[in-house]
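# Report on the structure
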Amino acid sequence: MFGARRLVAAATVVFVAASAVRAVLAYGPPSIDDPAAWPLTTGLLLPCLLLGWLVAVRAPASPIGPALGLTATMPAVVFTVEEWGATYTTGSPWPGSRVMAVIGAGVWPWLFLGFVTLVLFFPDGLLPGRRWRVVWAAFPVAAALVNFTVSMPGTVAEPGAAPLVLPFALRVVLVVVAFLSFLGTLLAAASSLVVRYRRGDQLTRHRLRWLMFAALSVPILLAASWLATALGAPGEIAYLGFLIAMLFLVPGAIAVAILRHDLFDIDRLLGATLSWVVTTLISAAVFAAVVLAVGNFFPDRVGITTAAFVTALVLLPLQHWIHRTVGRFVDPDRTVALARIRDFVRRVRDGVAEPEQVEAVLRDTLDDPALRVLLRRPGEQFEMPEGAIPLQTGDSVVGALVLGTTSARRIRRAREAAVEARLPIEVSRLRLELREALAEVRASRSRLMDEVALERQRLERDLHDGAQQQLVAMGMRLRSLQYQLEPGSPAYREIDEVVETVEGTVAELRRIAHGVRPSRLDDGLAVALRRLVADSSVPVDLVVPDLEVGEGVATAVYFTVGEAIANALKHARATRISIEVEIVEQRLRVLVRDDGVGGAKEGFGLTSLRDRVASVGGEFTLDSPPGAGTSIRAEIPCAS
Amino acid sequence: MRIVIGEDSALFREGLSRLLTENGHTIAGTASDADELVSVVRAVDPELTIIDVRMPPTMTDDGARAAAVLRNEVPERPILMLSQHVETRHVVDLVGTGAFGYLLKDRVLRVADFLDAMRRVADGGSALDPAIVAALVTPTRANDPLAALSAREREVLALVAEGRSNSAIAAQLVLAERTVETHMRSIFQKLRITDTPDTHRRVLAVLTHLTG
């Protein structure tokens, strides 16, 4: 609203003008009213105007600045009219004082204009809908009507000729209509707050709570004033304190609500104040009731002591309940938020929700999309971010809650939420710890297996190129030596035998090397598997595409299939075996089925298969119902 | 026969040189790595080149690659590959061509058989190790026609692939030569290869089929 400052400026001009006129009225020839009244009323209205300026400058879009300005200016104008009119009966009447006196008699409804505007507009403009517009437009009409009926001739002691005389009946109707409509618009304005609270978002409710707090302070301060008067304090001082507090506190609370609604933890303040008031009232009532009831039968002292005792007894259990109930009433968002967290914790316990969702749940319930749940990782120094809320288990800090936006209220809310959500937070931390430990173990096992695969490859090379080659070279030398001997001589025949032994040893070495690492894997896993199944004594249906996989995976799959075939032949007495190998979404799937007796149980053979598959990060499943064959499935991740 | 040996193990190289010299062959040159081998063969143009599959510099298939280079230069150049173990991937392109042999190293110890194989290769024929042939005649594809062969037929096919003649096969399997002929016809029918009475060409047809 571009005109917020201009409106406040206009209000200020009117306020200054009215105050100046009143100063002349008070200290000039008419000497209206007590000399202390002018500074007092002006001083009381001034803070409201200054706050109007503050709000208009800091929040130019808010209608509350001008509303505060109006709230300060209207009384000044009303007082001016009244005091101007009052000069009519003095020795030095001002020009037009008669008219002013007539208007001034019923001008008081205008005192409420600022208040009604404030209430209707707080905190962010008129409520949507025609009705609220009508209420705001109806108020000045009602006020004018009341002003008119009150100022009408016949109602007030008429100092001069009446400008307009109406029949009595019409006047009565007019008075009734005027007051009813005035009262009606006032109530409607007040009810707008209730409507707004019900419909409003969190911010609106939060701001309204400041207003509620300010409104609540009025009866408390009034009661305090009564108490002060009852205790013998001079009435002026007691009520002056009340008035000052009222005129500072209420506009102050409104200004804070608009400018810095997160300044204090208003919910807590309001809740504590309200529950204190309720507790005090109840205790006073109980005390009074007991004194009345018991006082008739016992001496005074016994009665009072009993009353104090009973009051304490009643209050002990009541106090907690009152606090909770008031809290629920004043701060339903908190109740809702905590209930949602409790519901989430319950779902986690029932296994319906994942504890890792705790961050999302907290973000949602605390209405803080930037909120983060930091968890301490095992073996890591945890740095507490500044302003974060520590999450504790016992004495140790296990993490932190980092808020996106902080305020006293949000921090308190988050602390409560953190306590409430302790279980999922702790569970997700433990799961994180476990997951990382498991990932570490898997990674280290995979590294180890790569190392083993390379080691096997080296060993195979060494066997082939080292020992085996040297044996062949040795055999060749023996053959060369043989040529120097007589064919058919015993030494000649013996060399034949030795060379045969050498050949046998080379074949044996080749067999050992194959066990270490099948050299047919050099031709690729698919080719190696085809050769492997060709060695089988029963028909094997093999479906395998050409695939590129790592050395570790290839070796693991080769030996797994080999062992599966051996098991099928040895234990299951299979007559046909089918093997399917495929890569789907970077996972190598191997399925080995046979038509054997089934009923395979976990034992040494299967355990070693399972370990082999697991060693390259794969999963192994066995399905072997008795009499219906065995199927073995392995799924191994492979980035190809 | 003038022979060049490409072999990185000095022990094996010297042993083989000595054995071949003693059997009346001439060692025209030796090389201990693939690059050296290619230049030596170019220089001396031997009647037979014996090459180890695994050689420096990379110790993987440098020998086989050197063989491919030499074959590209002179397509009919006789080459006998040696290997410590069965691996078909590196030589599969050469197997179907003539004047090519591929044996496991320890076959050297059966000196007579080895010399015979050398002779076959130098004459433009083929000499494949039974273990390597076994790997080749294993059905490696889905719907491989090899799967349709009987065990006996596969046995006969393996011997053909090794480069044996019908009579040699009959002697080895203790069969009448006519029975071998019958098996051959059946094999050629199942594999859809055109038969030919010439042993060399028949072997090549079989190998071309196996390595295709």
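Parameters and conventions
Residues numbered from 1 in each chain as written. Chains lettered and ligands numbered in written order. Predicted model: local features only at pLDDT ≥ 70, side-chain atom pairs only at ≥ 80, totals over all residues. Heavy atoms only, no water. Salt bridge = Lys/Arg side-chain N within 4 Å of Asp/Glu carboxyl O. Helix = DSSP H or I, 4+ residues; strand = E, 2+ residues; numbered from the N terminus. Buried < 20%, exposed > 50% of the residue type's maximum accessible area, 1.4 Å probe, protein only. Domains from an automatic or database assignment. Contact = heavy atoms within 4.5 Å. Buried area = accessible area lost by both parts, 1.4 Å probe. UniProt positions renumbered as here; feature names shortened; annotations may be inferred. Polar contact = N/O pair within 3.5 Å; in protein donor to acceptor, adjacent residues only side chain to side chain. Nonpolar A, V, L, I, M, F, W, Y, C, P; charged D, E, K, R; others polar.

## Things to note about the pattern of salt bridges
Following the criterion strictly, the structure yields 41 salt bridges over all chains and no others. With a shortest N-O distance of 3.8 Å, Glu460(A) and Arg54(B) are connected by a salt bridge. Here the residue Glu460(A) occupies a position in helix 15 (residues 422-483), and Arg54(B) occupies one in the loop between strand 3 (48-52) and helix 3 (62-73), the pair thus bridging two chains. Of the residues examined, Glu460(A) reaches a relative accessible area of 1% and is grouped as buried. On the accessibility criterion, Arg54(B) (6% relative accessible area) is buried. A single network of salt bridges, built from pairs that share partners, joins Glu460(A), Asp465(A), Arg517(A), Glu551(A) and Arg54(B).

## Considering the domain arrangement of chain B
Residues and elements named next belong to chain B. In terms of domain boundaries, chain B breaks down into domain 1 (2-134) and domain 2 (137-211). Each of domain 1 and domain 2 was reduced to a C-alpha centroid, and the two centroids are 25 Å apart. Taken together, the 16 residues of domain 1 in the interface contact 12 residues of domain 2. Taken together, the two surfaces of domain 1 and domain 2 that pack against each other cover about 1,000 Å², and 58% of this comes from carbon and sulfur. Our count for the contact surface shared by domain 1 and domain 2 stands at zero salt bridges.

## Comments concerning the UniProt feature "transmembrane region" (unreviewed entry) in chain A
Following the UniProt record, one finds the feature "transmembrane region" (unreviewed entry) at residues 36-57, 64-81, 101-122, 134-156, 168-189, 210-231, 237-259 and 271-295 of chain A. A helix fraction of 64% and a strand fraction of 0% characterise residues 101-122 of chain A, whose end C-alpha atoms lie 34 Å from each other.

## What to know about the interface of chain A and chain B
Where interface size is quoted, it is often the accessible area lost as the parts come together. Counting residues at the interface gives 28 residues for chain A, matched by 31 residues for chain B. Buried surface at the junction of chain A and chain B, both sides included, amounts to about 2,800 Å², of which 52% is carbon and sulfur. At the surface where chain A touches chain B, the tally comes to 13 residue pairs in polar contact (both at pLDDT 80 or more). Looking at the side of chain A that touches chain B, the elements with two or more residues in it are helix 15, helix 16 (490-516) and helix 17 (525-534) of chain A. With 16 residues, helix 15 of chain A is the largest single contributor of residues to the side of chain A that touches chain B. Counted by class, the side of chain A that touches chain B contains nine nonpolar, eight polar and 11 charged residues.

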